[in-house]
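# Coordinate inspection notes
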Amino acid sequence: MSILVYVENTDGQFKKSAFEAVSYAKAVADQSGNQVVALSIGNVEDAQLTLLGKYGASKVLNVNTEQLKSFVNQAYAAIIVDAAKSNDASVLILSNSFSGKGLAPRVAAKLNAALADGAIELPSATGENLQVKTGAFSGKAFAFVELTSTIKVIALNPNSFEVKEAETSATIENYSPSIDAEDFSTIVKDIIRATDKISLPEADIVVSAGRGLKGPENWGMIEELADVLGAATACSKPVSDAGWRPHSEHVGQTGIAVSPNLYIAIGISGAIQHLAGVSASKTIVVINKDPEAPFFKVADYGIVGDAFDVIPKLIVALKAY
Ligand code: FAD
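Presented here is a report on the structure given in the accompanying data block. (Residues numbered from 1 in each chain as written. Predicted model: local features only at pLDDT ≥ 70, side-chain atom pairs only at ≥ 80, totals over all residues. Heavy atoms only, no water.)

## Considerations on the overall build of the chain
Under the convention used in this document: Put simply, DSSP H or I for four residues or longer makes a helix, DSSP E for two residues or longer makes a strand, and each gets a number counted from the N terminus. In this treatment the radius of gyration is a C-alpha quantity, and the globule benchmark scales as 2.2 Å times the residue count to the 0.38 power. We call a residue buried when its accessible area falls under 20% of the maximum for its residue type, exposed when it is over 50%, and partly exposed in between, using a 1.4 Å probe and counting protein chains only. Contact between two residues is taken to exist if any of their heavy atoms lie within 4.5 Å; hydrogens are not considered. Here the open area of atoms and residues is found with the Shrake-Rupley method and a 1.4 Å probe, where only the protein chains shown may cover a residue.
A tally of regular secondary structure across the chain gives eight helices and 17 strands. A compact globule built from 321 residues should have a C-alpha radius of gyration of about 20 Å, and the chain, at 21 Å, falls within 12% of that. If you line up the chain on its principal axes, its C-alpha atoms span 60 × 45 × 40 Å. Of all 321 residues assigned to the chain, the portion counted as buried reaches 49%. Considering only contacts within the chain whose residues lie at least 6 apart along the sequence, 65% involve residues at least 24 apart. For the chain, the exposed surface amounts to about 15,400 Å²; the carbon and sulfur share of it is 51%.

What follows is the structure, encoded as structure tokens:
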């Protein structure tokens, strides 16, 4: 038996969430005495593949063909299923990322497996079953999902599990599964990145601003603060609706859900629809001039003050740090 973990890359570099998924898989494997098999699809160099061993993989399956350079949901799902079967996997782990959200249910359906998506903690075993804690209702609640099928699929939320080094090393195998032509009925011709900045769903730190910033001309200080912190920028819905910021930055119930270690909310009131997308953040810092702003109720730290006064001072202090 093995624990199979699918590891995502961007332009040949594994994402942080990939290492989190391997560390998580290693911890699950240690509970059951199994080995971790990592599956990489795309053009990834050996040095990157070897790195997976450092975090707990014993074997790395490398699928590297021109046809699979870009993400194709159906084909990738077919390969994951093929790898699961040929490696006798009892548990499959994926990141609950943009592509993981599409892959996990497809893989689970093909394997007749139960799925826990949005896992935020290690599972606990109850006999043959696994119980997994997941976020529910846009992060407003938790669910304990019992997986009772023989094969189990877990999609791990980014930033939910710490990357840990393990005393392992991995063998790397080139893997050539047979793929049906019909799995390529949808083909991604090209991916044009909207921005070169840090990816919002996976960011460690997010600096987010709302209508309190008054207008798009005032976002210079938000971007500067984000640069100093190595953070991604985000915004509330009215801000992107007004065209002050791109829609790709809109977080909340109808936007992107984020789970960074640090979420800094500036001039955002904290409406329930906004909180739905950010409440999985580990630490929330709120900067708002209204002490009654609802966001303060969920904040770990708060500054009551005018953003135009506080942010420049914060930037100076952080630069001096
Ligand atoms: P406001 O509510 O106008 O708040 C601005 C805040 O800035 C205030 O708290 C004010 O005190 C503060 N402020 C003003 N000036 C300053 C200053 N100089 N310095 C510091 N603070 C200042 N919203 C989302 O964000 N994401 C969603 O996904 C989303 N989905 C929705 C879905 C539905 C179906 C509906 C009905 C609404 C949704 N909304 C969503 C909108 C949501 O209800 C709020 O209207 C929105 O989040 C408010 O945005 P805001 O906090 O930027 O603006």
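There's plenty left to go through after this.
## Brief notes about the pattern of salt bridges
A side chain with one charge can pair with a side chain of the opposite charge if their charged atoms come near. Rules: Salt bridge, as used here, is a side-chain nitrogen of Lys or Arg placed within 4 Å of a carboxyl oxygen of Asp or Glu.
Tallied over the entire structure, the rule returns 13 salt bridges. The partner of K16 in a salt bridge is E20, with the nearest N and O atoms 3.0 Å apart. In this pair, K16 and E20 are both assigned in helix α1 (residues 16-32), four residues apart and thus about one turn of the helix distant. A residue is classified by how much of its surface remains accessible, and E20, at 3% relative accessible area, is buried. The partner of R245 in a salt bridge is E223, with the nearest N and O atoms 3.0 Å apart. Within this pair, whereas R245 is found in the loop between α6 (237-241) and β15 (262-266), its partner E223 is found in helix α5 (residues 220-229), the two being separated by 22 residues in sequence. Looking at R245, the relative accessible area reads 11%, which means it is buried. By relative accessible area, E223 is classed as partly exposed at 27%.

## Observations regarding the packing of helix α3 (residues 73-86) against helix α4 (residues 98-110)
Note the cut-off: Between N-to-C directions, angles span 0 to 180 degrees; the directions come from axes that are lines fitted to C-alpha atoms, helices contributing only their stretch in contact. Orientation is classified from the angle alone, with under 35 degrees giving roughly parallel, over 145 giving roughly antiparallel, 65 to 115 giving roughly perpendicular, and any other angle giving oblique. Crossings are sorted by hand: turned counterclockwise from the far helix by less than a right angle, the near helix makes the crossing left-handed, and turned clockwise it makes it right-handed.
Two elements in contact, α3 and α4, have axes separated by 9 Å at closest approach and are oriented at 50 degrees. When the interaxial angle is binned, α3 and α4 end up oblique. For the crossing formed where α3 meets α4, the hand is right-handed. Seen from α3, the contacting residues are N73, Q74, Y76, A77, I80 and V81; seen from α4, they are G102, L103, R106, V107 and K110.

## Concerning the site of the ligand
Basically, it comes down to this: Neighbouring residues are identified by heavy atoms, a residue being near a molecule or strand if any of them is within 4 Å of it. Pairing of N or O atoms within 3.5 Å defines a polar contact, subject to two protein rules: one partner must be a possible hydrogen donor and the other a possible acceptor, and residues neighboring in sequence count only if both atoms are side-chain atoms.
Contacts to the ligand come from 26 residues, most closely from S236, T254, S269, Q273 and N288. One nitrogen or oxygen atom from the main chain of R211 is found 2.8 Å from an oxygen atom belonging to the ligand. In this structure, a nitrogen atom belonging to the ligand sits 3.5 Å away from a main-chain N or O atom of G212. A total of 980 Å² of accessible area belongs to the ligand in isolation, and the protein chains cover 76% of it. For the shell around the ligand, the secondary-structure elements that each account for two or more residues are α6, α7 (272-275) and α8 (307-320).

## Describing α1
Note the following rule: Expected span of a helix: the number of residues minus one, times 1.5 Å.
The terminal C-alpha atoms of α1 lie 25 Å apart, and with 17 residues this matches the ideal 24 Å at 1.5 Å per residue to within 8%. A large share of α1 lies buried, amounting to 12 of its 17 residues. Those residues of α1 not exposed but buried are S17, A18, F19, E20, A21, V22, S23, Y24, A25, A27, V28 and A29. Among the residues trailing α1, G33 stands out with phi positive, at a value near 75 degrees.

## Describing the environment of I287
Along the chain, I287 falls in strand β16 (residues 283-288). Looking at I287, the relative accessible area reads 1%, which means it is buried.

## Brief notes about the packing of α5 against α8
Quick reminder of the rule: The classification used treats Ala, Val, Leu, Ile, Met, Phe, Trp, Tyr, Cys and Pro as nonpolar, Asp, Glu, Lys and Arg as charged, and all other residues, Gly among them, as polar.
The geometry of α5 relative to α8 is characterised by a closest axis approach of 10 Å and an angle of 25 degrees between their N-to-C directions. The angle between the axes of α5 and α8 places the two elements in the roughly parallel class. By crossing handedness, the relation of α5 to α8 is classed as left-handed. Two secondary-structure elements touch here, α5 through M221, E224, L225, V228 and L229 and α8 through A307, F308, I311, P312, L314, I315, L318 and K319. Split by residue class, the contact of α5 with α8 holds 11 nonpolar, no polar and two charged.

## Remarks on the side chain of N159
Checked against the element boundaries, N159 lands in the loop between β11 (152-156) and β12 (171-174). Looking at N159, its side chain comes within polar contact range of the side chain of K16, at 2.5 Å. Every residue in contact with N159, bar those within four places of it in the chain, is listed here: K16, E20, E202, A203, D204, S259, P260 and K282.

## Some points on the packing of aromatic side chains
Put simply, the rule reads: Between rings of Phe, Tyr and Trp, where Trp is taken as its six-membered ring, a pair exists when centres lie within 6.5 Å; planes separated by under 30 degrees are stacked, by over 60 edge-to-face, and by other angles tilted. Only when the NZ of Lys or the CZ of Arg is both within 6 Å of the ring centre and within 35 degrees of the ring normal is a charge said to sit over the ring.
For the structure on display, the rule yields seven aromatic pairs. For the pair Y24 and F161, a centre-to-centre distance of 5.2 Å together with 90 degrees between the ring planes defines the contact as edge-to-face. Pair noted here: Y24 is in helix α1 and F161 is in the loop between β11 and β12, with a separation of 137 residues, a long-range link. We classify Y24 as buried; its relative accessible area is 0%. Judged by centre distance (6.1 Å) and plane angle (65 degrees), the rings of W219 and W244 are edge-to-face. With W219 in the loop between β13 (205-209) and α5 and W244 in the loop between α6 and β15, this residue pair connects regions lying 25 residues apart in the sequence. One residue, K133, lies across the ring of F142, its end atom 4.1 Å from the ring centre.

## A few points about unusual backbone geometry
In this structure, D88 is a non-glycine residue whose phi angle is positive, near 50 degrees. When you line up the elements, D88 lands in the loop between α3 and β6 (89-95). Classification of D88 by relative accessible area gives partly exposed; the value is 45%. Although it is not a glycine, K214 sits at a positive phi angle of roughly 75 degrees.

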